[in-house]
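Summary of structural features
Each chain, letter by letter, is given below.
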Amino acid sequence: MNRTNQFVKHMTIALILMCTAITSSESKEISVKNCLIENCLSRPIVDGVINEDEWREATRINRFVQVKPNEASNPSEKTTVLLLITNSTFYIAAKLYDKSPSDIIAKVSRQGASISNDDFFRVQIDPFNSKRAGYRFQVNMNSVRNEGIFLNITSINDDWTSIWEAKATQTSYGWSTEIAIPFKSLSFDPETDVWGFNVFRYISRKNELISWITRNQESNISVSGSLSGFKGIQKGLGLDVVPNLSFQSSSNDETGVSEDMFQPSLDVFYKITPSLNGSLTFNTDFSATEVDDRRVDLSQFSLFFPEKRAFFLREFDIFDFGGIGSDFSYSRFGGSQSQNARPFFSRKIGLGTDGSPVDIIGGAKVSGRLKGYDLGVLIVEQDSYQDVKQKSLFVGRISKNINSNTTLGLIHTRGDPRSNNRNSVTGMDLRYRNSSTTEDIIEGNIWYQSSTNDYAMSDEDAFGISLSKPSPRGFRGLLQYQNVGKNFNPALGFVSRRDVELYRGIFGYVKQFDDHPYIRKIYSGADTAYWDLKGLNKLQSYTQFYRLLDVEYHSGDKFNISYVRFGEGIYSENNQPFSNLDIVLPEREYHWDRYGIYFRSSKSRSIDFKLNYYTGDYYTGTRDSGSIDLGYRPRPGLDFSIDYNYWDVDLPEGSFILRQLDAKFSWNFFEYLSWVNVIQYDNISKSLGFNSRLHWTKKAGENLYLVFTNNYSEIDEANSRDFELISRDASIKVNYTIRF
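Thoughts on the overall build of the protein chain
Across its full length, the protein chain holds two helices and 39 strands. The dimensions of the protein chain, computed from C-alpha atoms along their principal axes, are 75 × 65 × 55 Å. Once local pairs closer than 6 in sequence are excluded, the contacts in the protein chain between residues at least 24 apart make up 60%. Of the roughly 32,200 Å² of accessible surface on the protein chain, a fraction of 53% belongs to carbon and sulfur atoms.

In structure tokens, the structure reads:
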């Protein structure tokens, strides 16, 4: 009864606060651009060369505006977009005029790599016209495809992949591109012929973004016009069968164990309806997944690593909850802090606590939209490992748009993939964003969760509320509160802090310059986050981050000066931050100040760099820290980068120096074949890792991977060049998508 009363109290207060904020904001309704697209019999050849005969029936869009730097102003270059649909495919072509074709930036040529710093053309599609979810497809002049799926309206997951075509070529007037997106690759409502739609073009050397629709200088899925005419479109049989074959050879020089393993696996994807997808996976293999970035944990809190495995990324947005992990520009609040109390985190499945793979016997997923509801159900059978028995894991999610701005949802998880205990979590969330206004955008999130375990406990709940005004100019801010119980345990989710209350606030001001020859905008503001321990009624940690001056130039270069005040409480041996270094700090509260400077050059250049340096107090002593990131792209297809991070910590209880190095080299032999090498080292763990990944893909859905991984341990601390081989792995994997 106490838990129910507490829940009702929290939700009542939260609803009053959100409704007050929503009703008090005066907003202007936007006028939506509309466009009619015709269903044609002809199918243009997707080769990047726009043949006028093939596109003679196309709908044309010629009127574009700037998003950045000067919103709603005329673009510096002309753009023409052509649209066609057949029963099976959505075709888009673009003529991208440029007065200086030789200055077009197209340095990336590896399929799937980020092209955000190249000139690119982007298509955003919202098949349900909800302005809350959708897809992003973009291409550069080298025909590099890059796609993503929207989360939380404003966030994008770039690891999501799909099957589509895109070709581009340089022309006498600039460059052109042709895109084909099969309706089999999208979820859509066959009863609705109006889709949300927008297109963007980025001119890298000018740092200029243009689009068909613009509002508040945003480029998320809520900023869209209406595209009508999607009648009679078909998903076909809607069946994708993806057989996978892999062979892996591994050896561990420490244990002397070697193993060769041949592993067939099968993924099946079926569109139950055009808007509802079913997925099956058998003997799932993740051997070709990209390696995680190395991070050194020098804190008392868990690290958060994003999901990269394709099976879990399909319809990933359906399972998003409560706006947890949402981005807010100019904020340092990220990583494990922003992800705290996430009810479902798919990386808990198929991975042990140390990150080692755990076999998945099979899994089934149903996700999509049905009669106005967003639905997601995931069932996974995880094999036994170590002393953890075979487990059946379940996640269910349902949400519904109450109106164009508000969504109400429920989530339930069952199972613990890392222990033999029973566990379940049930949660409810309410999300708001007034996407139909031209100014004073307000976002709000309220959520509540409760977990149950084998042993009945109190304080197993978690609750959160946030209100924000993410304005691109003028005043902007955010207020957030979170309460996580001492025994709250989302076994299929992520939690880095328990028995805490979070009080967070952001307030700042952005000044944009329309006519300044060099400066585009200046920001100044404060970002504060306080974590209090409920049980002890003491401070856990806080950060007060003050951006005294943050400048962005028209060139894309950025510079800022900041002052940061930190605080942290250490009350037992269990939350010592440097226990792995045998440094023990006195148990008390700590407060310290640091000052920093940061500069980042534009990545549109062949050589780019990022520098930052901080100095000041640190717990009982001092810390100087800095990092330098260097990137070099001598020509399309070649990419070198080195990231070096350095800490010099001097404490009365002990001193240490951290050196962390990440180096990457990628080479595209030609359009279909890429080779990526990653070297990662840090002197705290005294380990060095090397990962080499050869990837051949003639078109989306057809892949061949050859992956080598070696891990070394430093054996002579005085000479970092001496390493011994600890383990090595080699694997080859091939998959092929058969579409019906």
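With respect to the pairing of strand E10 (residues 165-170)
Here E10 pairs with strand E11 (residues 174-182) via six bridges, running antiparallel. Paired with Ala168 across the strands is Thr177, a residue of E11. Once E10 ends, the chain turns through three residues before running back antiparallel as E11.

Examining the packing of aromatic side chains
Across all of its chains, the model carries 43 aromatic pairs by this definition. Considering the side-chain rings of Phe578 and Tyr618, the 6.0 Å spacing of their centres and the 55° angle between planes classify their relative orientation as tilted. Within this pair, whereas Phe578 is found in the loop between strand E29 (558-569) and strand E30 (589-600), its partner Tyr618 is found in strand E31 (residues 607-618), the two being separated by 40 residues in sequence. Overall, Phe578 belongs to the buried group, its relative accessible area being 0%. The exposure class assigned to Tyr618 is buried, which follows from its relative accessible area of 5%. Measuring from centroid to centroid gives 6.4 Å for Phe670 and Tyr672, while their planes differ by 85°, and the two rings are edge-to-face. Overall, the relative accessible area of 25% leaves Tyr672 in the partly exposed class.

Brief notes about the side chain of Asp374
Position of Asp374 among the secondary structure elements: in strand E19 (residues 373-382). A polar side-chain atom of Asp374 sits 3.2 Å from a polar atom in the side chain of Arg369. Once residues within four sequence positions are removed from consideration, Asp374 is found in contact with Ile318, Gly368, Arg369, Arg397, Ile398 and Ser399.

Here we look at the pattern of salt bridges
Overall, the coordinates contain 24 salt bridges when judged by the stated rule. Its salt-bridge partner being Lys95, residue Glu52 comes within 2.5 Å of it at the nearest N-O pair. Of the two residues, Glu52 is situated in the loop between strand E1 (34-36) and strand E2 (59-61) and Lys95 in strand E5 (residues 89-97); the sequence distance between them amounts to 43 residues. In this structure Glu52 comes out as partly exposed when scored by relative accessible area, which is 33%. With its nearest N and O atoms 3.2 Å apart, the salt bridge here joins Arg369 to Asp374. Note on accessibility: Arg369 and Asp374 belong to one class, buried. Connected via shared salt-bridge partners are Glu77, Asp98, Lys99, Arg205 and Lys206.

As for the environment of Tyr598
Following the sequence through the fold, Tyr598 ends up in strand E30. With twelve residues separating them in the primary sequence, Tyr598 and Lys610 have C-alpha atoms 7.7 Å apart. For Tyr598, the residues in contact, after removing those within four places along its chain, are Lys558, Phe559, Asn560, Lys610, Leu611 and Asn612.

Regarding unusual backbone geometry
A cis amide bond links Lys68 with the next residue in sequence, Pro69, at an omega value of 10°. Residue position: Pro69 is located in the loop between strand E3 (65-68) and strand E4 (79-85). One non-glycine residue, Lys371, lies in the positive phi region at around 50°. Relative to the helices and strands, Lys371 resides in the loop between strand E18 (360-370) and E19.

So, the side chain of Asp550
Here Asp550 is to be found in strand E28 (residues 538-553). Classification of Asp550 as buried rests on a relative accessible area of 8%. Of note is the side chain of Asp550, whose polar atom sits 2.8 Å from the side chain of Arg547.

Topic: the sheet that holds E2
Across a sheet, strands are paired by hydrogen bonds formed along the backbone, either parallel or antiparallel in direction. Pairing is antiparallel across the open sheet formed by five strands, whose spatial order is E2-E4-E5-E11-E10. In this open sheet, the two strands that pair with only one neighbour each are E2 and E10. Going from strand to strand, the sheet's axes swing by 15° on average, the running direction of each strand aside.

Concerning the environment of Arg547
Residue position: Arg547 is located in strand E28. In sequence terms Arg547 and Asn691 are 144 residues apart; their C-alpha atoms lie 37 Å from each other. Dropping the residues within four chain positions of it, Arg547 is found in contact with Tyr330, Tyr523, Ser524, Gly525, Asn560, Ile561 and Ser562.

A few points about the nonpolar core
Ranked by internal contacts, the top residues of the largest apolar core, which has 41 residues, are Phe90, Phe121 and Phe197. Breaking this core down by element, the ones donating at least two residues are E4, E5, strand E6 (120-126), strand E7 (135-140), E10, E11 and strand E12 (194-203). Ranked by residue count, the leading element in this core is E5, at four residues. Setting aside residues no more than four positions away along its own chain, Phe121 makes contact with Val81, Ile92, Ala94, Leu96, Phe137, Gln138, Val139, Trp175, Thr177, Ile179, Val199 and Phe200. Among the nonpolar cores identified, the runner-up in size contains 30 residues, and Ile318, Ile349, Leu533 and Tyr571 belong to it.

Concerning the confidence of the model for the protein chain
Per-residue confidence for the protein chain gives a mean pLDDT of 87; residues scoring 70 or more make up 91%. Across the protein chain, element-level confidence peaks in E11 with a mean pLDDT of 97 and bottoms out in helix H1 (residues 2-24) with 47. In this model, residues 20-31 is a region of pLDDT below 50 whose contacts with residues beyond four sequence positions or in other chains number 17 contacts.

Description of the environment of Gly505
Position of Gly505 among the secondary structure elements: in strand E26 (residues 500-512). Sequence separation of Gly505 and Ser185 is 320 residues, and the distance between their C-alpha atoms is 40 Å. Sequence-distant contacts of Gly505, that is, excluding residues within four places in its chain, are made with Leu478, Leu479, Ala526, Asp527 and Thr528.

Describing a nonpolar patch on the surface
Together, Leu245, Phe247, Phe262, Phe669, Phe670, Trp696, Leu704, Leu706, Phe708, Ile732 and Val734 line one region of the surface with nonpolar side chains, adding up to about 950 Å² of accessible area. Secondary structure elements with two or more residues in the nonpolar patch: strand E15 (239-252), strand E34 (654-670), strand E37 (702-714) and strand E38 (723-736). Ranked by residues supplied to the nonpolar patch, first place goes to E37 with three residues. Residue placement: Phe669 occurs in strand E34. By relative accessible area, which is 37% here, Phe669 ends up partly exposed.

Rules of the game
- Residues numbered from 1 in each chain as written.
- Predicted model: local features only at pLDDT ≥ 70, side-chain atom pairs only at ≥ 80, totals over all residues.
- Heavy atoms only, no water.
- Helix = DSSP H or I, 4+ residues; strand = E, 2+ residues; numbered from the N terminus.
- Contact = heavy atoms within 4.5 Å.
- Areas by Shrake-Rupley, 256 points an atom, 1.4 Å probe, with all protein chains shown as cover.
- Pairing = 2+ DSSP bridges.
- Phe/Tyr/Trp six-rings, centres within 6.5 Å; stacked < 30°, edge-to-face > 60°.
- Buried < 20%, exposed > 50% of the residue type's maximum accessible area, 1.4 Å probe, protein only.
- Polar contact = N/O pair within 3.5 Å; in protein donor to acceptor, adjacent residues only side chain to side chain.
- Salt bridge = Lys/Arg side-chain N within 4 Å of Asp/Glu carboxyl O.
- Axes fitted to C-alpha atoms, helices over the stretch in contact; angles between N-to-C directions.
- Core = buried A, V, L, I, M, F, W, Y, C linked by side-chain atoms within 4.5 Å.
- pLDDT = per-residue confidence, 0-100.
- Patch = residues over 30% accessible without salt bridge, like charges linked within 9 Å, V, L, I, M, F, W, Y side chains within 5 Å.

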